[in-house]
Amino acid sequence: MRVTPPDLELWLVGHLRRQLAELDLGRVTVTNKEPADYTAQAPLIVIRNDGGPALPPNQYDWQIGVSVLAGTPADDQPANSLARHTLAILTDPAIAWADQSPITLVAAANGPMRVEDEQPVARRYLTIEYHLVGAW
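Residues numbered from 1 in each chain as written. Predicted model: local features only at pLDDT ≥ 70, side-chain atom pairs only at ≥ 80, totals over all residues. Heavy atoms only, no water.

**Observations concerning the nonpolar core**
Here's step 1: Grouped together as the largest cluster of nonpolar side chains are 25 residues, with contacts concentrated most on L12, I45, I47, I64, L90 and Y130.
Here's step 2: Of all the secondary-structure elements, those providing two or more residues to this core are α1 (8–23), β2 (44–51), β4 (59–70), α2 (77–91) and β6 (122–133).
Here's step 3: Looking at which element gives the most residues to this core, the answer is α1, with six residues.
Here's step 4: When sequence neighbours within four positions are dropped, the list of residues in contact with I45 reads L16, L20, V28, T29, V30, T31, V66, S67, V68, L82 and T86.
Here's step 5: By size, the runner-up hydrophobic cluster in this structure holds five residues, among which are Y38, L44, L69 and V121. (Core = buried A, V, L, I, M, F, W, Y, C linked by side-chain atoms within 4.5 Å. Buried < 20%, exposed > 50% of the residue type's maximum accessible area, 1.4 Å probe, protein only. Helix = DSSP H or I, 4+ residues; strand = E, 2+ residues; numbered from the N terminus. Contact = heavy atoms within 4.5 Å.)

Listed below in structure tokens is the structure:
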């Protein structure tokens, strides 16, 4: 019997969009790809699945990377605030019970950390490790 790994990026993008909308923070784009033509006009959150080991028979121990772009290097408060909200949402233990969640446990988190950027935007980066379950 085959086990299909979850599409963690897809699920997290949708979950984070719904949770941020409830916070009424204004327009925030959440995606799994950073646009080549990003102009820093609106806050952007990019979720990337960095993968990890498969734990037979149907579990995975994967890490994600999250970039948060908002504000400017001189006014980095929007990036700091959005990164903290993002971390809180993505590490909430209740994420394991969210609708159709593949997550069984939030195992670890790092950040948010300041990252220098060539664009005139403040960038924060965080990582989260999840234990996941695949589908039979």
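Additional details are given in the paragraphs that follow.
**Description of α1**
Here's step 1: Counted at 1.5 Å a residue, the expected span for α1 with its 16 residues is 22 Å, and the 22 Å between its end C-alpha atoms agrees.
Here's step 2: Among the residues making up α1, those that are buried are L8, E9, W11, L12, V13, G14, H15, L16 and L20.
Here's step 3: Contact partners of the buried residues in α1: β1 (29–31), β2, β4, α2, β5 (103–115) and β6.
Here's step 4: A positive backbone phi angle near 55° is found at D24, which sits one or two residues after α1. (Expected span 1.5 Å × (residues − 1).)

**Here's the deal with the environment of Q63**
Here's step 1: By the element assignment, Q63 lies in strand β4.
Here's step 2: Considered as a pair, Q63 and R48 are 15 residues apart in the sequence and their alpha carbons are 8.8 Å apart.
Here's step 3: Dropping the residues within four chain positions of it, Q63 is found in contact with R48, N49, D50, G51, T127, I128 and E129.

**Comments concerning the pattern of salt bridges**
Here's step 1: Under the counting rule described, the total for this entry stands at five salt bridges.
Here's step 2: Residues D117 and R123 are paired through a salt bridge, measuring 2.3 Å at the closest nitrogen-oxygen approach.
Here's step 3: A relative accessible area of 21% places D117 in the partly exposed class.
Here's step 4: R123 gets classed as buried once you look at its relative accessible area, which sits at 12%.
Here's step 5: Here the salt bridges do not stand alone but share partners, grouping E34, D117 and R123 into one network. (Salt bridge = Lys/Arg side-chain N within 4 Å of Asp/Glu carboxyl O.)

Such coordinate-based values are descriptive only and should not be taken to indicate function.
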